Amino acid sequence: TGGVAAGKSEALSAFGRIGADTISADAIVHDLLDREPMLSVLSERWGPEVVVDGRVDRTAVGSRVFNDPEELAWLEKQVHPLVRDELAGWFTSLPAESAIAVVEVPLLFEGEMAEYFDLTVAIVADEEVRQARARSRGHAGVEGREARQLKQFEKAALATHVVENNGTPEELQERLAELVSGLEA
């Protein structure tokens, strides 16, 4: 986990390159929203216009939830149990020889999911680095996107391990490899 533009996805990729089995909770959510029962649930709640060509219109859903805490809470109440079920299935499907399984969960602590994991890792980066990364992705900054999340330092305080990501992807991978080596020792 980590703040917006701290490098969670890059960390997940790096964990995969060093041999961990990996999955993204965001990818699970995207998949869940594009299939039943969520397509029907969302259409029933917000109207048929939120489903276009058999897929959820993320912009339409976003416009309904990101400025309305009650609607967002409703959506999360629908999705979070399904994500937990998908993750449980993923974990049980891993080969017996899997030594490390890593799940990227942006709202790990906010969604009260930390208890499902043996340990947690917060990826952190300096504010200037995060702002630059957010702008490079076409976002004005991290502020609006972080409004419903714990602050980066709060996530770090809750995590088992904290890994700094102010440099290159290669440097991040080196730090994560060191972390993994320490776990295996």
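Our subject is the structure listed above.
Criteria and thresholds
- Residues numbered from 1 in each chain as written.
- Predicted model: local features only at pLDDT ≥ 70, side-chain atom pairs only at ≥ 80, totals over all residues.
- Heavy atoms only, no water.
- Axes fitted to C-alpha atoms, helices over the stretch in contact; angles between N-to-C directions.
- Helix = DSSP H or I, 4+ residues; strand = E, 2+ residues; numbered from the N terminus.
- Parallel < 35°, antiparallel > 145°, perpendicular 65-115°, else oblique.
- Left-handed = near helix turned anticlockwise from the far one by under 90°.
- Contact = heavy atoms within 4.5 Å.
- Nonpolar A, V, L, I, M, F, W, Y, C, P; charged D, E, K, R; others polar.
- 1 Å grid on protein atoms, 1.4 Å probe; cavity = no way out; pocket = protein on both sides within 12 Å on 5 of 7 lines; lining within 4 Å.
- Points joined across faces, edges and corners; volume = space filled by probe spheres on them.
- Salt bridge = Lys/Arg side-chain N within 4 Å of Asp/Glu carboxyl O.
- Buried < 20%, exposed > 50% of the residue type's maximum accessible area, 1.4 Å probe, protein only.
- Expected span 1.5 Å × (residues − 1).
- Arc of directions from axis to C-beta.

Peer 1: Could you clarify how one ought to interpret the packing of helix 1 (residues 8–17) against helix 9 (residues 169–184) in this entry?
Peer 2: Describing two packed helices takes the angle between their axes plus the distance from one axis to the other. In contact at an axis separation of 9 Å, helix 1 and helix 9 are set at 60 degrees when each is read in the N-to-C sense. By the angle between their directions, the pair helix 1 and helix 9 is classed as oblique. The chirality of how helix 1 crosses helix 9 is right-handed. Between helix 1 and helix 9, the contacting residues are Glu-10, Ala-11, Ala-14, Phe-15 and Arg-17 on the first element and Pro-169, Leu-172, Gln-173, Leu-176, Leu-179 and Val-180 on the second. Of the residues belonging to the contact of helix 1 with helix 9, the class tally is eight nonpolar, one polar and two charged.

Peer 1: Help me understand the layout of surface pockets in this model?
Peer 2: In this structure, the second largest pocket occupies an estimated 620 Å³ of space. For the second largest pocket, the lining is made up of 28 residues, of which Ile-100, Ala-101, Val-102, Val-103 and Leu-119 are closest to its centre. Going through the elements one at a time, helix 1, strand 4 (101–104), strand 5 (121–124) and helix 9 are the ones with two or more residues in the lining of the second largest pocket. Of the residues that constitute the lining of the second largest pocket, the class distribution is 21 nonpolar, three polar and four charged.

Peer 1: Just to check I follow, could you spell out the pattern of salt bridges for this structure?
Peer 2: Pairing between side chains of opposite charge can happen when their charged atoms approach one another. As enumerated under the stated definition, the model contains nine salt bridges in all. Linking Glu-49 and Arg-64 is a salt bridge whose minimum nitrogen-to-oxygen distance equals 2.9 Å. In this pair, Glu-49 is assigned in the loop between helix 3 (38–46) and strand 2 (51–52) and Arg-64 in helix 4 (residues 58–65), connecting sequence segments 15 residues apart. The class for Glu-49 is partly exposed, based on a relative accessible area of 44%.

Peer 1: Help me understand helix 9, please; the structure alone is not making it clear to me.
Peer 2: Structural remark: α-helix, 3.6 residues per turn; residues separated by three or four positions point the same way. The end-to-end C-alpha separation of helix 9 is 22 Å, in line with the 22 Å expected for 16 residues at 1.5 Å each. Of the residues making up helix 9, those classed as buried are Leu-172, Leu-176, Leu-179 and Val-180. Along the long axis of helix 9, the arc covered by the buried residues comes to 95 degrees, so they all point the same way. Of the exposed residues in helix 9, the ones pointing more than 90 degrees away from its buried face are Glu-170, Glu-174, Glu-178, Gly-182 and Glu-184. Against helix 1, strand 5 and strand 6 (161–164) lie the buried residues of helix 9.

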